[in-house]
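Structure assessment
What follows is the residue order along each chain.
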Amino acid sequence: MATRILLEGRPGVGKTTAVRRLAALLPGRDIVGFTTEEIRQGGARVGFALETAAGRRAVLAHAGFPGPPKVGRYGVDLGVMDRLALPALMAASADPATGQLVLIDELGRMELASASFREAVRSLFEADVDVVATVHAHSDPFTDALKQRPDIELIAVTRANRNALPEGLATRLEHR
């Protein structure tokens with residue numbers, strides 16, 4: 001049975017760092033998916049970049065993008081999701097490879113603005129593939145439904161557990 005883990009936490013608690021460390025601790029796994037990170041200029045956050053497990057990178061959202069959609073003050077380029085994130089996610093759900101691990105950082109408002117991304121995530125959680133995804137702590141119909149699934153393990157990421165969490169997860173996922 002596939003492992004399905006949601007790492008839930010508030011912004012800035014260390015979810016992205018935990019997922020990146022987990023990937024680094026699993027060199028023997030075929031990892032697909034993406035992480036996101038803040039783009040800063042002069043100490044101020046101006047946007048977010050998406051980087052795939054294969055190393056492709058693009059600006060997902062920026063204060064200078066017009067939108068729609070807009071999430072807060074950021075215009076979101078949904079084409080980045082379509083070009084960078086979706087191909088590997090859809091391939092993983094359509095034909096799960098033995099030993100493959102899907103990492104998604106994160107199931108947040110910017111990413112969920114893409115209907116095709118939401119559909120790819122639904123398919124992944126139905127496929128026979130291991131998935132570890134980060135999710136925001138606030139309520140959202142899409143993520144709330146995922147959190148309620150009986151096959152989901154929901155782990156709260158806190159400042160107290162964020163450093164040890166990747167090693168514990170890596171031990172569980174290492175030989176699957």
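The structure we're discussing is the one just above.
Here is a short report on the structure shown in this document. (Residues numbered from 1 in each chain as written. Predicted model: local features only at pLDDT ≥ 70, side-chain atom pairs only at ≥ 80, totals over all residues. Heavy atoms only, no water.)

**Here's the deal with the packing of helix α1 (residues 15-24) against helix α6 (residues 165-173)**
Two numbers describe how α1 lies on α6: the axes approach to 9 Å, and their chain directions differ by 40 degrees. Taken together, the axes of α1 and α6 lie oblique to each other. Crossing handedness for the pair α1 and α6: right-handed. Counted together, Ala 18, Arg 21 and Leu 22 of α1 and Pro 166, Glu 167, Leu 169, Ala 170 and Leu 173 of α6 form the full contact between these two elements. Among the residues making up the contact of α1 with α6, the classes are represented as 6 nonpolar, no polar and 2 charged. (Axes fitted to C-alpha atoms, helices over the stretch in contact; angles between N-to-C directions. Helix = DSSP H or I, 4+ residues; strand = E, 2+ residues; numbered from the N terminus. Parallel < 35°, antiparallel > 145°, perpendicular 65-115°, else oblique. Left-handed = near helix turned anticlockwise from the far one by under 90°. Contact = heavy atoms within 4.5 Å. Nonpolar A, V, L, I, M, F, W, Y, C, P; charged D, E, K, R; others polar.)

**Some remarks on the packing of helix α2 (residues 78-94) against helix α4 (residues 115-124)**
Where α2 meets α4, the axes come as close as 9 Å, and the angle between the chain directions of the two elements is 20 degrees. When the axes of α2 and α4 are compared, the pair comes out roughly parallel. Where α2 crosses over α4, the two elements pack in a sense that is left-handed. Taken together, the residues of α4 that come into contact with α2 (itself represented by Met 81, Asp 82, Leu 86, Leu 89, Met 90, Ala 92 and Ser 93) are Ser 116, Phe 117, Ala 120, Ser 123 and Leu 124. Taken together, the residues that form the contact of α2 with α4 break down as 8 nonpolar, 3 polar and 1 charged.

**Considering the pattern of salt bridges**
By the definition in use, this model includes 13 salt bridges. The shortest N-O distance in the salt bridge between Arg 57 and Glu 37 comes to 2.6 Å. Taken together, the residues span a long stretch of sequence, with Arg 57 in strand β4 (residues 57-62) and Glu 37 in strand β2 (residues 30-41) at a distance of 20 residues. Assessed through its relative accessible area of 44%, Arg 57 is described here as partly exposed. One salt bridge connects Glu 126 with Arg 149, and the closest N-O pair in it is separated by 2.7 Å. Of this pair, Glu 126 sits in the loop between α4 and β8 (130-136) while Arg 149 sits in the loop between α5 (141-148) and β9 (153-156), and the two are 23 residues apart along the sequence. (Salt bridge = Lys/Arg side-chain N within 4 Å of Asp/Glu carboxyl O. Buried < 20%, exposed > 50% of the residue type's maximum accessible area, 1.4 Å probe, protein only.)

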